[in-house]
Amino acid sequence: MSILSTKAKREAGRHLTGYLFISPWLVGFLALSLWPILQSLYLSFTDYSLLEAPRWIGSANYKDIVHDPLFYKSLTVTLTFVFASVPLKLAFSLLVAMLLNRSIRGINLYRTAFYFPSLIGGSIAVSVLWRNMFGMDGYINKILSIFGIEGTGWISSPDTALGTLVLLNVWQFGSTMVIFLAGLKQIPKELYESSSVDGAGVFRKFFSITLPMLSPVLFFNLILGIIGSFQMFTSAFIITKGGPANETYTYALFLYEKAFSQFQMGYASALAWILLVIIALFTLLNFAASKYWVFYETEAR
Amino acid sequence: MELSRSRSRSVLIHLLMIAASIVMLYPVFWWVGASLKDASEMSSAAIWPKKPVWDNFVKGWNFSKEYTFARFFGNTLLMEAWNVIGAVISSSLVAFGFSRIKFALSKFWFAVLLMTMMLPGQVTLIPQYIMYNNLGFVNSYVPLVLPHFLGGGAFFVFLVCQFIRGIPRELDEAAKIDGTSTFGLYYRIILPLILPALVNVAIFTFIWSWDDFMSQMLYLNSIDKYTVGLALRMFIDQFDVQWGQLLAMSLLSVMPSALIFLFAQRYFVEGIATTGLKG
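Quantities reported herein were computed from a predicted structural model and do not represent experimental measurements. Every chain's residues receive numbers from 1 upward, in the order its sequence appears when written. Here every chain gets a letter starting at A, and every ligand a number starting at 1, in the order they are written. Restriction of local features to residues with pLDDT of at least 70 applies here, the model being predicted, together with a cutoff of 80 or more for giving and counting side-chain atom pairs; totals for whole chains, interfaces and linings are based on all residues.

Structural notes on the overall build of chain B
1) Next: For chain B, the helix and strand inventory stands at 14 helices and zero strands.
2) Next: For 279 residues, the compact-globule formula gives about 19 Å, and the C-alpha radius of gyration of chain B, at 24 Å, lies well above that figure.
3) Next: For chain B, the spread of C-alpha atoms along the principal axes amounts to about 75 × 75 × 35 Å.
4) Next: Looking at the 279 residues of chain B, the share that counts as buried comes to 39%.
5) Next: Put simply, 78% of the contacts in chain B that link residues at least 6 apart link residues at least 24 apart. Strands are runs of DSSP state E lasting at least 2 residues, helices are runs of H or I lasting at least 4, and numbering of each runs from the N terminus. We compute the radius of gyration from the C-alpha atoms alone; for a globule the expected value is 2.2 Å times N to the 0.38, where N is the number of residues. Whether a residue is buried, exposed or partly exposed is read from the other C-beta atoms within 10 Å of its own C-beta, which are placed from the backbone; 20 or more gives buried, 12 or fewer gives exposed, and intermediate counts give partly exposed. Placing C-beta atoms from the backbone, we regard two residues as in contact once those atoms come within 7 Å.

Structural data, given as structure tokens:
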């Protein structure tokens, strides 16, 4: 009897210790994630300016959003950005990773050169640089004029403004590339050797060995890339300020202005929840589709 | 024959890589050059000024009437020190709990942790702001620092967990036989072994919170508390932007991250590789 109770006590002590160790995260999760998520759901059904108490207005915010042309504009801009920059970045980083995945001298130097932009690219400083380089009398146009090409104001022209932001995003492909590079190193060399014996060409090897073996890493990068691009803020805020003609008015920018310039906290909360649902749908869709193309080695064993 | 073919192929790859490196780093080279140009040379396409001057750095450093950039760098570095300390302590504690102690619902909480990695920050932004506003913490560093002490970001907990799982459990058993407490096991056995992972946590915490412009803009309103990023934004919003000075100060603002990167490169690449792969 007493043995049992000491055992039970030790058991309880272990649970308690476990919870003590994870308590910083657990408190953070409850106070800074779970509670705010639920509160923003509540706020999305209210009219709230931060000065007065929130007033329940039912689904009015959602109805307004559905009729707000800026909602559709910002969603279109964001989706365009996601669909342009995520595949470009993935393809480019995979290509460079494959070129770097061999024993050549100076590989560390190249890796540094490619990684460096992704390190500083998210900063406001690089946004400043971009704004200057792609301006009307910026550096890019100077270079073009040497070749006799007359450049446009890349940032002030509605056709190219979003392109400069995509370019900035793709320029930061380095961190994705490093993950791919690590993935490529894990693929057993024998697979390539035996396929060479069978006479497989470069493309065949890529589609039959590299791509399936790398698919979990590709999947990971795809998910995080999509989630990150959906929330693009700093570069649109600094470089283009959402303009010209709202061509770079991203969803995050829209939400930020609704909440902190116009103080429509209820409306902005509804926008946040719509974003959450959209991202969740994309992620679920990706997970569902992953059954057909992501290959985990454990399955084969 | 075979040898010369593989040799010419490797030369080709080198040429390709050198060209690509130059393209990638060209904006940075130009940036450095532009920061050393005086106003008359700013409009030239040359990458390096004929007469490099430090003028932009001197004038840019003192652009604001009230404070020099020394103040803004001081503010940012102080905030960063707390962020790094918080992230290292809390991510190591939490990761130890998850990977070494079997407690009720631990699998469930770990799944929740992984899910929060995918949570868009916008969803919690507004209620968090309201909460900090009600507590009187707006225009202080509390909203920027506190999250690092509370778990330090799911990503880092995950990174350290992966690392701890690679440490053989026999060490734990031996320590337990010697009568070490659970906290002793964490502090004396595991902590020294996960230092490389914690260096990673420190580096990424530093760089990411340096770049976390949106939160800084939300929570810091008075100039005396401004970070470097906010000072740069104030610089851009001037009526007549002095681009040379602005570019010089922006360049200076990425120096801490760049220096850390150059000195701790080894940790970087390993860190990304482990988390990326096992995700």
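Read on for the rest.
Some details on the overall build of chain A
1) Next: Counting secondary structure elements, chain A contains 14 helices and two strands.
2) Next: Projected onto its principal axes, the C-alpha positions of chain A cover 75 × 65 × 35 Å.
3) Next: When burial is assessed residue by residue, chain A has 38% of its 301 residues classed as buried.

Topic: the interface of chain A and chain B
1) Next: Tallying the contact residues gives 70 residues for chain A and 72 residues for chain B.
2) Next: It is helix H1 (residues 2–43) of chain A that contributes the most residues to the side of chain A that touches chain B, 19 residues altogether.
3) Next: For this classification, the nonpolar set comprises Ala, Val, Leu, Ile, Met, Phe, Trp, Tyr, Cys and Pro, the charged set comprises Asp, Glu, Lys and Arg, and every other residue, Gly included, is treated as polar. In terms of residue class, the side of chain A that touches chain B is built from 49 nonpolar, 18 polar and three charged.

Here's the deal with the packing of helix H4 (residues 106–116) of chain B against helix H7 (residues 154–165) of chain B
All names here are of chain B.
1) Next: Lines fitted to C-alpha atoms define the axes here, with helix axes fitted over just the stretch in contact, and angles between the N-to-C directions of these axes take values from 0 to 180 degrees. Orientation of H4 relative to H7, taken along the N-to-C sense of each, is 125°, at an axis distance of 8 Å. Classed by the angle they form, the pair H4 and H7 counts as oblique. You can see that H4 and H7 cross each other, and the crossing is left-handed. Contacts from Leu 113, Leu 114 and Thr 116 in H4 reach Ala 154, Val 157 and Phe 158 in H7. Convention used here: angles under 35 degrees read as roughly parallel, angles over 145 as roughly antiparallel, angles from 65 to 115 as roughly perpendicular, and any remaining angle as oblique. Crossings are sorted by hand: turned counterclockwise from the far helix by less than a right angle, the near helix makes the crossing left-handed, and turned clockwise it makes it right-handed.

A short note on the domain arrangement of chain B
Residues and elements named next belong to chain B.
1) Next: As far as domains go, chain B holds domain 1 (2–54) and domain 2 (61–273).
2) Next: Where a domain begins and ends is set by an automatic assignment or by a domain database. Each of domain 1 and domain 2 has a C-alpha centre, and these two points are 33 Å apart.
3) Next: Classifying every residue of the side of domain 1 that touches domain 2 by side-chain character gives five nonpolar, one polar and one charged.

Here's the deal with the environment of Ser 215 of chain A
Residue and element names in this part refer to chain A.
1) Next: In this structure, Ser 215 sits in helix H10 (residues 202–230).
2) Next: With 208 residues separating them along the chain, Ser 215 and Lys 7 place their C-alpha atoms 46 Å apart.
3) Next: Ser 215 has contacts with Trp 293, Val 294 and Phe 295, leaving out every residue within four places of it along the chain.

With respect to the confidence of the model for chain B
1) Next: pLDDT is a residue-level measure of predictor confidence that goes from 0 to 100. For chain B, the mean per-residue pLDDT works out to 86, and 94% of the residues sit at or above 70.
2) Next: The ipTM assigned to the predicted complex is 0.86, against a pTM of 0.87.

Considering helix H7 (residues 161–171) of chain A
All names here are of chain A.
1) Next: The element H7 is extensively covered by neighbouring structure, given that eight of its 11 residues are classed as buried.
2) Next: Along H7, the residues that are buried comprise Ala 161, Leu 162, Thr 164, Leu 165, Val 166, Leu 168, Asn 169 and Val 170.
3) Next: Taken together, the buried residues of H7 touch helix H3 (69–100), helix H5 (124–133), H10 and helix H11 (234–240).

Description of the packing of H10 of chain A against helix H13 (residues 265–293) of chain A
Residues and elements named next belong to chain A.
1) Next: The geometry of H10 relative to H13 is characterised by a closest axis approach of 11 Å and an angle of 165° between their N-to-C directions. By the angle between their axes, H10 is roughly antiparallel relative to H13. Regarding H10 and H13, the two cross each other, and that crossing is right-handed. Contact residues: Ser 215, Phe 219, Leu 222, Ile 223, Ile 226, Ile 227 and Phe 230 in H10; Leu 275, Ile 279, Phe 282, Thr 283, Asn 286, Ser 290 and Trp 293 in H13.
2) Next: The residue inventory of the contact of H10 with H13, partitioned by class, reads 10 nonpolar, four polar and no charged.

Quick notes on unusual backbone geometry
All names here are of chain A.
1) Next: Residues other than glycine seldom take positive phi values, yet Lys 241 does so here, at roughly 55°.
2) Next: Residue placement: Lys 241 occurs in the loop between H11 and helix H12 (251–260).
3) Next: By C-beta crowding, Lys 241 is classed as partly exposed, having 13 other C-beta atoms within 10 Å.
4) Next: Positive phi, close to 50°, is recorded for Phe 263, a residue that is not glycine.
5) Next: Mapped onto the fold, Phe 263 is located in the loop between H12 and H13.
6) Next: Look at Phe 263 and you get partly exposed, because 13 C-beta atoms sit within 10 Å.

Things to note about helix H6 (residues 142–149) of chain B
Residues and elements named next belong to chain B.
1) Next: Within the sequence span of H6, burial applies to Pro 143, Leu 144, Pro 147 and His 148. All buried residues of H6 fall inside an arc of 140° around its axis, so they share one side.
2) Next: The positive-phi residue at the C-terminal boundary of H6 is Gly 151, with phi of around 100°. Throughout, the arc means that of the directions going from the helix axis to the C-beta atoms.

Here's the deal with the confidence of the model for chain A
1) Next: The pLDDT averaged across chain A works out to 87; a share of 97% of its residues lies at or above 70.
2) Next: Confidence, expressed as mean pLDDT per element, reaches its minimum in chain A at helix H14 (residues 297–300) of chain A with 56 and its maximum at strand S1 (residues 46–47) of chain A with 94.

Details of the nonpolar core
1) Next: A set of buried Ala, Val, Leu, Ile, Met, Phe, Trp, Tyr and Cys residues, joined through C-beta atoms within 7 Å, is what we mean by a nonpolar core. Grouped together as the largest cluster of nonpolar side chains are 135 residues, with contacts concentrated most on Leu 255 and Ala 272 of chain A together with Ile 126, Val 157, Val 160, Val 201 and Leu 247 of chain B.
2) Next: Per element, the largest residue contribution to this core is 11 residues, and it comes from helix H3 (residues 69–100) of chain B.
3) Next: Each of two domains, domain 1 (2–54) and domain 2 (61–273) of chain B, supplies a minimum of three residues to this core.
4) Next: Discounting chain neighbours no more than four positions away, the residues touching Ile 126 of chain B are Ser 40, Leu 43, Ala 259, Met 265, Ala 268, Ser 269 and Ala 272 of chain A.

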